[in-house]
Every structure is written in structure tokens, then in C-alpha cells.
Amino acid sequence: MHDHKHKSSETLNGSSTVVLLGNPNVGKSVIFGLLTGKYVDVSNYPGTTVEISKGIMPFSGNDNEVLIDSPGINSLIPMSEDERITRDILFDKAHRGVIQVIDAKNLRRGLFITLQLAEAGIPIILVLNIYDEATERGIYIDRKKLGDILGIKIIPMVATERMGLPELKRYIHNFQKPSIPINFNEKIENAIREISYLLPDTKISKRGVSLMLLSGDETLITKLKMLLPDLYLNRIKSIKEENQKNFNDPLSYVIQKERLVTVEKIYNQCVKSEGGVAALFRTKIGNLSMHPLWGIPILLSVLYFMYKFVGEFGAGEVVDFMEETIFGKYINPWITALIDMALPIQIVREAIVGEYGIITMGLTYSISIVLPIVSFFFIFFGILEDSGYLPRLTVMSNKLFKKIGLSGKAVLPMVLGLGCDTMATFTVRILETRKERIIATMLLALGIPCSAQLGVVMGMLGGISERALIVVIFTVLIQLIIVGYLSSKIIPGRSSDFFMELPPIRIPKLSNILRKTYYRVKWFLKEAVPLFIIGTFILFASDKVGLLRLIERVTSPVVTGILGLPDKATWAFIVGFLRRDYGAAGLFYLQKNNQLDLIQTTIGVAVMILFVPCLANFLVIIKEQGWKWAMIIVSFIFSYAIFVGWILNLFLHRIRIL
């Protein structure tokens, strides 16, 4: 196994590379997995937070053949960080070719990129994926005619069923430069020739680079500054400005319009469409899920099933079995006995298997409690993702999220936060601006309860008072809206424009969901479990030096005086910083022993949800946003949660609604 891993990491730096490229939601990740298998390395693209997957293609006959899975794009003219990175992947290094993946149902959209790849002089193989759904919808593509027009190899695929995979592997060396005849307006062609004369040789053809510059790609100017003198760059700028005077519309629009005319001609020559009953039905369901009225009961139904599957089954029965039986009866007693025999030094034993032991607390809770919950959440999330529902949820929620400085895309980490806030904080990377990532991180830490905490809260309030549960939910939601709105006004920066590609509603494939879940669970074990172990050790050290007792003495007046809770509730908030559900469980214990009345329970639960994030989440915030923003976020949340608890305490004692 060691040799295999060594070989894998070594060959990922090889010189022969192929790029997997396409629009969002066309099945690139599935094809990447089929072509690379287990030979995968995931790392951030240099200077960014965007992750790029690279993998060896063991069947290609070349040990150095590396496949790069580029971020999904809609154009080679960057409008987002993802698109800029894909452009840079093509610009910075020569590749043997590009495998362009197109959703066969949306051929026009894919051909628009094919046209740009042709202008850039990049050899490609064209994969028409999700071919079964195109056929089902009555879309018939003449692949031979399309291949003749483009001058490249066309391969139909249904990646989730592995259909077309043998053919793709067989023709993996058959890259050809597309020969699409497109002549722009004579004035634009003259500008292309003038700019091409000034350009240095790069990995993209001079014609392709000229068109990018004429289309207003400012990020490309930055790259060319390292290759060209200022005199040439100023001349290029002048050519563009002079050319713009010939047109009323922006040059980028004129160029795009002429490309679309060419795409339409190709499409009309190669595609015939007829209606399909099943497709029309799925389209109807998809439209209802975005409807301002009917979309709400559909969303509530989805959340209900998620709670039953993740909250009750995953966080209830499976966690109980793992915690009480697997770890409680077998693993922990066996390891404790072994450590007691092997390590005579008491403090070392306590650090490993004591009350705050790395194994008995850190590993036990991360594996027996959190892992089952996030695994079931990943399965459910995969179903929502593959069914095409999640993008529709982002469309439906976009108007609301715009009010708090976010786009509809932010609903994805928020929903994910109901599984695990720590893991959801990683996913705010999908948001395009720094401002949006900071706001989303703050809202996740402030008021999105993880499924473990949510389960305890529902157990506490659901059984004794529905009114109390409604008060808590209303309080938390109002704070999310207030803080989000104020943050959007105070935090500097801009919000991104909302653009979301809507895939069709489809029945998810079990094998695909399980494959995604496997890789996400693997990621969780690698990224999150070490944070739990670090957090547990910090708690152990704090206990030994008396820091925990000091914190308890300092914070006790706040808990009893401002929040009106009993002195023993202080401990619940302290351990809540280690893990949110520990704190909720502490309150649950006090309530069961009649040490909290209904008003105190309601205040305690509301503040616990709004309280500082757990230690693992705090460490991830530091990793993603830096120390400065992490301290600002946590300091604000701590103060704000106490303030809301104080207001709620005054309100509930004045107005007896419970």
C-alpha cells in the first residue's frame, strides 16, 4: 500500500496532462471518478481556496498521464473565480488535450464553449453525457454529422451507468483540434490580426487570446504584464477602444452574438427534437419546486423527511448503537484496560482514556456520534443533489438571501449546517466573494444548529411545549435575518450576481450517491476528526491547569444574573464550546431533574443555539477566514447571544405566553 501511495503522489506531478472541462452539472465528477479510480489527489489551486482534483489514468498506458478536473464554467471569459481558474489551467501549461463534457440535453450551451476551445487551438474529445435523458426527451443528435462539422471525436455517455466508458478509454489518445469555420465582422477580424501580431506565443492560440482581450477579459491583462512590455499592452488597449467605436453594443456582446449564430447553425444541422411525456412530467415537478407558493410545502416535506432520516434514525438509533454498544461495551473498555497495563503514568493515561481523553472523548464522540449523523446527512444531501432539487431550492431562496448580502447559493451551506456546522463552514467556498463567505460563516456559527444539537433540542422542547419550540425557532430565525442584514451593510465588499444552472429533475442512482457519500465521509475523517482530537486535548489541558474552573467562576454571574438560569447551567455552556450538543445535553439533564422551569428551558435552548460555535467549528473558521475574522465572529456571537437571552428573559417574564 505504501508503494502504491508513493507512486500515486509522484506521478501526479508528471508532465503529460489531460483536462476534464465542461459546464456545471454535466457529470464531470462522475467521469473523473470512472477514469481515475483511487489515484486521486485533491488540493487548492495555487493562490485560491478552490479545490482541484487530479488523478492518474491507469488504463492509458502512460504512468505519467494525469487527468485534471477543472471547475465548471459557462465561458472561457471569466465571470467568477472558478472560470478564471479553468482559463488559467489552459493558459499556464500545455496539455495533451481536453475532454469536454456536454449535457446532451443542452447541446447549445456546451457548443458555445467548444467554439471558444476551437478559437484557442486546443485539441479536444467531445463527450455527450446524460445521453439517455436527451433521448427520453425526444432529442436526437446526429453524432456523425456533428463530428464531421467539428472535425473531432464524439462519444455518447451515460456516466452513472458506465455507458460509453469503454469507448472513451479506447479513444483517450484521439484528441483533435476542432475545425469550426467562424468569421467575425471584418472590423473584429482586423483587430484580431493586429492584436495577434503583438502577442507572445502562449499555450492558447494568438487568435483565442485576442478574442478574450477584445471580449474584455481584464484578468488576462494581468497575466500578459509578465510577458509583454507596457508599450504593447497600451497598443492592445488602444486597438480595443478604437474597435469599440465601430459598434453601439459592447464588443463582448457583438462577439458572443456571432458565436451564438454559429452554434445555432450547427445545432439545427445535427439535432431533431420531439416531446417526451416523462420529461414533461419531471419539468412540471421541477417548476412546482421553485413556485413561490407550492415550493414551500415541498420544501417543508423535504425538511421533514430529512429530520426523520438524519435526526431520528441517524442521530438516534444509529448513534445509540455506536455509542452505547460498539464504543461503550467493546472499544473503550478494551482500550482502557490496555492503556492501564501499558502506561503507568497517570496523567498520560488520563490524557488518552480519562474524562477528557483523546480516545474516550475525542475519538469516541467524533466516530460514534458525529460520523453516523454526517454520513446519513451526506446520503440525504446526495439524493437532493442528484435529483436536481438543490439548485431549485437556491432559486427559490435567492430573494430572501439577497436581503442579507448573500445569493441563493448560500442555502447549500445553510442546509448542510443542519448536518454539521464544522463541515458546512468548509463549503462556504462555493460563494464567490469574500464578503459572502464571511457573512455565511458568521450565520452558520450564530444560528444554524447541527443535527446532533437539533435532535437534543427537539427532544427537550417537543415533548413538553410546542409553544416553547415555536418561540425558540422564531427567535433564532429573526436573529439570523437581523444579523445577516446588518452584516451586509457593515462588512466591506460586494455581493456576487446570482447565476444557477438548473439540471433536470431525475431519479438519483444509488451507486452514484454511495460513491459521493464515501468520498465525503473520507474527507470528514481526514479534515474534521483531527480537530475533535485537538479540541479534546485543549479541554484536558484546561481542566488540569484549572482554567475550566476559572471560566466557570467568571461566567457564572452572567448565566445566573443576566439570563436568569441556575448556577449549574454554567457548565452546560462551557462544554457547549467543545461540542454544541454537549451543551444542549447538559440543559436536557437539568430539565429532566426539574432544575429548569419552562421559561428557563426556553431561554437556555435559544441562547445555546445562538452561542459560540463548537471548538471544531472555531478551528475551521480560523483555517478558512484567518485569526482576525475568527476572533471578530466569535466575540460578536458570544456578546450577541447573551444580549438576546437577556431580552428574551425580560420578555417571557413580562408577557406570559408559555
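Below, the structure is looked at part by part.

Rules behind the numbers
Residues numbered from 1 in each chain as written. Predicted model: local features only at pLDDT ≥ 70, side-chain atom pairs only at ≥ 80, totals over all residues. Heavy atoms only, no water. Helix = DSSP H or I, 4+ residues; strand = E, 2+ residues; numbered from the N terminus. Buried < 20%, exposed > 50% of the residue type's maximum accessible area, 1.4 Å probe, protein only. Core = buried A, V, L, I, M, F, W, Y, C linked by side-chain atoms within 4.5 Å. Contact = heavy atoms within 4.5 Å. Patch = residues over 30% accessible without salt bridge, like charges linked within 9 Å, V, L, I, M, F, W, Y side chains within 5 Å. Areas by Shrake-Rupley, 256 points an atom, 1.4 Å probe, with all protein chains shown as cover. Salt bridge = Lys/Arg side-chain N within 4 Å of Asp/Glu carboxyl O. 1 Å grid on protein atoms, 1.4 Å probe; cavity = no way out; pocket = protein on both sides within 12 Å on 5 of 7 lines; lining within 4 Å. Points joined across faces, edges and corners; volume = space filled by probe spheres on them. Nonpolar A, V, L, I, M, F, W, Y, C, P; charged D, E, K, R; others polar. Axes fitted to C-alpha atoms, helices over the stretch in contact; angles between N-to-C directions. Parallel < 35°, antiparallel > 145°, perpendicular 65-115°, else oblique. Phe/Tyr/Trp six-rings, centres within 6.5 Å; stacked < 30°, edge-to-face > 60°.

1. Considering unusual backbone geometry
Step number 1: One non-glycine residue, Ile130, lies in positive phi territory at about 55°.
Step number 2: Mapped onto the elements, Ile130 comes out in the loop between β6 (124-129) and α5 (131-136).
Step number 3: Judged by its relative accessible area of 10%, Ile130 is buried.

2. Overview of the nonpolar core
The nonpolar side chains of a soluble globular protein tend to be buried with one another.
Step number 1: Among the nonpolar cores identified, the biggest contains 78 residues, and Leu406, Met414, Leu443 and Phe573 are the most heavily contacted of them.
Step number 2: Sorting elements by how many residues they give to this core places helix α29 (residues 615-654) first, with 15 residues.
Step number 3: Beyond its immediate stretch of four places on either side in the chain, Phe573 contacts Val559, Leu563, Leu565, Gly604, Val607, Met608 and Phe611.
Step number 4: Judged by nonpolar contacts, the second largest core, of 65 residues, contains Ile68, Val98, Ile124 and Ile195.

3. Here we look at a nonpolar patch on the surface
Step number 1: A cluster of nonpolar side chains, Phe474, Ile478, Ile482, Tyr485, Leu486 and Ile490, forms an exposed patch at the surface whose accessible area comes to about 600 Å².
Step number 2: For Phe474, the location among the structural elements is in helix α22 (residues 466-490).
Step number 3: A relative accessible area of 56% means that Phe474 is categorised as exposed.

4. What about the layout of surface pockets?
Step number 1: If you add up the space inside the second largest pocket, you get close to 1500 Å³.
Step number 2: The wall of the second largest pocket is formed by 42 residues, among which Leu299, Leu303, Leu418, Ile473 and Leu477 lie closest to the centre.
Step number 3: Taken together, the elements giving at least two residues each to the lining of the second largest pocket come down to α14 (295-342), α17 (389-403), α18 (411-417), α20 (434-447), α21 (451-462) and α22.
Step number 4: Here the lining of the second largest pocket gets 11 residues from one element, more than from any other, and that element is α14.
Step number 5: For the lining of the second largest pocket, the residue count by class is 34 nonpolar, five polar and three charged.

5. Focus: the packing of helix α8 (residues 186-198) against helix α11 (residues 230-244)
Step number 1: One can describe the packing of α8 onto α11 by two numbers: an axis separation of 10 Å at closest approach and a directional angle of 180°. Between α8 and α11, the interaxial angle falls into the category roughly antiparallel. Packed against α8, whose contacting residues are Lys187, Ile188, Ala191, Glu194, Ile195 and Leu198, the element α11 presents Tyr232, Arg235, Ile236, Ile239 and Asn243 at the interface.
Step number 2: Classifying every residue of the contact of α8 with α11 by side-chain character gives seven nonpolar, one polar and three charged.

6. A closer look at the pattern of salt bridges
Step number 1: In this structure the tally under the stated criterion is 23 salt bridges.
Step number 2: In this structure, Lys516 and Asp386 form a salt bridge, with 2.5 Å as the shortest nitrogen-oxygen distance. Here the residue Lys516 occupies a position in helix α23 (residues 510-527), and Asp386 occupies one in helix α16 (residues 358-387), the gap between them amounting to 130 residues.
Step number 3: Salt bridges sharing partners connect three or more residues here, namely Arg84, Arg87, Asp88, Asp92, Asp217 and Lys223.

7. Brief notes about the packing of aromatic side chains
Step number 1: Within the structure shown, the criterion is met by 11 aromatic pairs.
Step number 2: Summarising the aromatic geometry, the rings of Phe313 and Phe376 are spaced 5.2 Å apart at their centres and angled 80° between planes, so their arrangement reads as edge-to-face. Taken together, the residues span a long stretch of sequence, with Phe313 in helix α14 and Phe376 in helix α16 at a distance of 63 residues.
Step number 3: Relative accessible area serves as the criterion here: at 35%, Phe313 is assigned to the partly exposed category.
Step number 4: For Phe376, a relative accessible area of 15% puts it in the buried group.
Step number 5: Note on Tyr640 and Phe643: the rings are 6.4 Å apart at their centroids and 40° apart in plane angle, and the pair reads as tilted. Of the two residues, Tyr640 and Phe643 are both situated in helix α29; the distance of three residues between them amounts to about one turn of the helix.
Step number 6: Classification of Phe643 by relative accessible area gives partly exposed; the value is 43%.

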